[in-house]
Amino acid sequence: MGRRFTDRLRQATWRPMPDEAKRRHLDAVEAAREVKAAWTPPRLGVRRRLSVGLVAAALIVLPTGIALAAEGSLPGDALYPVKRVTESIRSLLDDDVVAEHRIEELEQLMASDAPAEVIADQVDRATREVDRLGSGHRLGPRLDVATAVVAADPVDTRPPEADPPTAGDPGPADPVDPVDPIDGEPVDKPAVTTGTIATIDDAPTSTTIAPARPATTTTVVDRTTTTTAPPDVSRQRVFGYVHAGPTCPVERFPPDPDCADRPVAGAVLVFFDQDDVEVARVESNRAGRFETQLPDGGYLLRPQPHDGLLGTAPAQEFKVAGEPVELDVAYDTGIR
Amino acid sequence: MRRLAPEAFRELYELLADGLNSFAYSIVRDASAAEDAVQQAFLELVQAAPTIRGDGRALRAWLFRSVRFRCLDEIRRRERRRETLHAQVPDDPVSPVPSPGGEGDLEAAMSQLTHQQRSVLFLRHVMGMSGHEVAAILQTNRAAVFATAARAERRLRALLSDEGPNAQRSA
């Protein structure tokens, strides 16, 4: 297309705006400009725009920062409620986040030498959350380790160098026997005969001895009750393991490790003396372990029926004669 | 482009009104609709001027784009009313009467093109815009602009050669 074509095209297509239309358009535009001028809001200055930006950024960043800061908070901290809120949201996607937080808090409280009451409350909370997840959850052993450490490290103990107590005087506190943090096995140590009962437990536990001497000092760590009384050299440790089996319908030989008996938590074990008088009552802990102390003599152990298990474990007689006694209590799951 | 002063607005209108009106007419083929499209584009500019970035070319492209949108809206409106552009009675006294070998031949041939082809030819040859500017107004790319221009010129040449004895010379 040459210049001539361009000229012809211009002549053919060029349509000047009529003067009357121009006047009408300019009048309309001017009127629109006046209206717009009346409606135009004042523009924000640089400083005000910066302020608005900072406020907007703060509204976005602040909640995130608070939530992150609250992650490491402990019960009693100002940010702890924030942590509970965020974890309740996270728990919608992750079932065990709450239980894991409670155990972490327990571990932090123990490391920070928190008061025994605070630690005991925290153990309660952690146990409740782990129980909610059901038996066999991965957090169970971690809680067992934490509670075992708590039980093995009583906070409120009397000085060991206290004079031998006389009748009615407070004697030295009897720390709970240390327990292997891995499998809950009591660690061997010289028998401490205090005339008291010490249990290692994280399940609802009530430990009594009847007839019991008047307690003089009570230390509460977790739900482990340590009743300290004047030492009684005739008492011996009586401990053992409560388990239930079978756990698989078909028993194999050699035995399948996955079908091993499982520990029974919260099993109530009642001890009777030869006069058929109840002398002690203990509950097994999460690892199925129990422990009490009894004077020399003959006894009958009667395990009590346990929810979810068939009948009860067989009663068994045993004697305490100057040495610790280890018992094995086997419940029947009813699985065939 | 924060705000146009009244004088600048008037100068801008004087400078571009004829070109915009011609461009609008090349699309809608209706003088009244073309004038309305130009007026609406300037009224929109009153509101949008603070948001337009760039130099005078950007402002010119913005106005042509706005006029084009309004013309296309008008075409769609007419199509909804089942009116065709061919049924419109020319109401503009400067509308050419086709005569062999005259400008009426060219305009009659132009009316056979698509509005996209007419827009490309007008912006390229009458307004003298670059391929880049035309692409910005038509919201396409330069290659498509050149391809459309080539097709339009071929079609125009063919139409003119069929219509009059002087058509071949004009192509």
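Residues numbered from 1 in each chain as written. Chains lettered and ligands numbered in written order. Predicted model: local features only at pLDDT ≥ 70, side-chain atom pairs only at ≥ 80, totals over all residues.

### Notes on the overall build of chain B
Selection criterion: Numbered from the N terminus, helices here are DSSP runs of H or I no shorter than four residues, and strands are runs of E no shorter than two. With C-beta atoms placed from the backbone, a contact is any residue pair whose C-beta atoms sit within 7 Å.
Along chain B, the regular secondary structure elements total 8 helices and 0 strands. Across chain B, every contact between residues at least 6 apart in sequence was considered, and the portion connecting residues at least 24 apart equals 64%.

### Some details on the overall build of chain A
Keep this limit in mind: Three exposure classes are used. Buried residues have 20 or more other C-beta atoms within 10 Å of their own C-beta, exposed residues have 12 or fewer, and partly exposed residues fall in between, all C-beta atoms being placed from the backbone.
A count of helical and extended segments in chain A gives 7 helices and 11 strands. Across the 336 residues in chain A, those meeting the buried criterion constitute 32%. Taking as baseline every contact in chain A between residues at least 6 positions apart, the subset at least 24 positions apart corresponds to 61%.

### Observations regarding the packing of helix α1 (residues 6–28) of chain B against helix α5 (residues 115–126) of chain B
Residues and elements named next belong to chain B. Just so we agree on the cut-off: Axes here refer to lines fitted to C-alpha atoms; in helices the fit is confined to the stretch in contact. Angles between the N-to-C directions go from 0 to 180 degrees. Here roughly perpendicular refers to angles of 65 to 115 degrees, roughly parallel to angles under 35, roughly antiparallel to angles over 145, and oblique to all remaining angles. Note on convention: the crossing is left-handed when the near helix lies turned anticlockwise from the far helix by less than a right angle, right-handed when the turn is clockwise. Put simply, Ala, Val, Leu, Ile, Met, Phe, Trp, Tyr, Cys and Pro go in the nonpolar bin, Asp, Glu, Lys and Arg in the charged bin, and everything else, Gly too, in the polar bin.
Across the interface, α1 lies against α5 with an axial gap of 8 Å and an inter-helix angle of 155 degrees. Of the possible angle classes, the one that applies to α1 and α5 is roughly antiparallel. Judged by the sense of rotation from one axis to the other, the crossing of α1 with α5 is right-handed. Across from Ser22, Phe23, Ser26 and Ile27 in α1, the residues of α5 making contact are His115, Arg118, Ser119, Phe122 and Val126. Of the residues that constitute the contact of α1 with α5, the class distribution is 4 nonpolar, 4 polar and 1 charged.

### Observations regarding the nonpolar core
Across soluble globular proteins, nonpolar side chains show a tendency to be buried alongside one another. Rules: The term nonpolar core means buried Ala, Val, Leu, Ile, Met, Phe, Trp, Tyr and Cys residues held together as one set by C-beta atoms within 7 Å.
One finds Leu20(B), Ala24(B), Val38(B) and Val67(B) to be the most contacted residues of the largest nonpolar core, which totals 46 residues. Sorting the residues of this core by element identifies α1 (3–13) of chain A together with α1, α2 (31–48), α3 (56–80), α4 (103–111), α5, α6 (131–138) and α7 (142–163) of chain B as the ones contributing at least two each. Setting aside anything within four residues of it in sequence, one finds Val67(B) in contact with Leu20(B), Phe23(B), Ala24(B), Ala37(B), Val38(B) and Ala41(B). Listed in part, the 20 residues of the second largest apolar core include Ala265(A), Leu294(A), Leu301(A) and Ala313(A).

### Section: the packing of α5(B) against α6(B)
Residues and elements named next belong to chain B. At their nearest, the axes of α5 and α6 sit 10 Å apart, and the two run at 140 degrees to each other. Taken as axis vectors, α5 and α6 run oblique relative to one another. Classified by chirality, the crossing of α6 by α5 is right-handed. Contacts between α5 and α6 involve Ser119, Val120, Leu123 and Arg124 from the first element and Val134, Ile137 and Leu138 from the second. For the contact of α5 with α6, a count of residues per class yields 5 nonpolar, 1 polar and 1 charged.

### Describing the interface of chain B and chain A
At the junction of the two partners, chain B supplies 30 residues and chain A supplies 23 residues. Breaking the side of chain B that touches chain A down by element, the ones donating at least two residues are α1, α2, α4 and α5 of chain B. Sorting elements by how many residues they give to the side of chain B that touches chain A places α1(B) first, with 10 residues. Within the side of chain B that touches chain A, the residues separate by chemical class into 17 nonpolar, 7 polar and 6 charged.

### Description of the confidence of the model for chain B
The following threshold applies: Summary of the metric used: pLDDT quantifies the predictor's per-residue confidence within the range 0 to 100.
On average, chain B scores 81 in pLDDT, and the residues at 70 or more come to 78%. Across residues 92–101 of chain B, where pLDDT falls below 50, the model places 18 contacts with residues more than four positions away in sequence or in other chains.

### Some remarks on the environment of Glu107(B)
All names here are of chain B. Its place among the elements puts glutamate 107 in helix α4. Accessibility expressed as a C-beta count within 10 Å gives 20 for glutamate 107, which makes it buried. Each C-alpha atom, one on glutamate 107 and one on serine 26, is 9.5 Å from the other, the two residues being 81 residues apart in sequence.

### Points about unusual backbone geometry
Each neighbour pair has its own omega, and for Gly245(A) with Pro246(A) the value is -5 degrees, a cis peptide bond. If you check the backbone angles, Arg29(B) has positive phi at about 55 degrees while not being a glycine. Here Arg29(B) is to be found in the loop between α1 and α2. A positive phi angle, near 55 degrees, is found at Gln139(B), a position not held by glycine. C-beta crowding within 10 Å serves as the criterion here: with 10 such atoms nearby, Gln139(B) is assigned to the exposed category.

### Brief notes about α3(B)
For an α-helix the count is 3.6 residues per turn, leaving residues at separations of three or four pointing the same way. Residue and element names in this part refer to chain B. As a reminder, the rule being used: Multiply 1.5 Å by the residue count of a helix minus one, and that product is the helix's expected span.
In this model, α3 (25 residues) spans 36 Å end to end at C-alpha, consistent with the 36 Å of a helix rising 1.5 Å per residue. Looking only at α3, the buried set comprises Arg60, Ala61, Trp62, Leu63, Phe64, Ser66, Val67, Arg68, Arg70 and Cys71. For α3, the elements touching its buried residues are α1, α2, α5 and α6.

### Some remarks on the environment of Leu79(A)
Residue and element names in this part refer to chain A. Structurally, leucine 79 can be placed in the loop between α3 (46–70) and α4 (80–90). Residue leucine 79 is classed as partly exposed on the basis of its 15 C-beta neighbours within 10 Å. Counting along the chain gives 12 residues from leucine 79 to alanine 67, while the straight-line C-alpha distance between them is 8.4 Å. Aside from chain neighbours lying at most four places away, what touches leucine 79 is Ile66, Ala69, Ala70 and Ser73.

### Focus on the confidence of the model for chain A
Predicted coordinates in areas of low pLDDT are best not read in detail. Per-residue pLDDT for chain A averages 74, and the proportion of residues at 70 or more is 72%. Residue range residues 154–231 of chain A is modelled with pLDDT below 50. Its contacts to residues more than four positions away, or to other chains, number 180 contacts.

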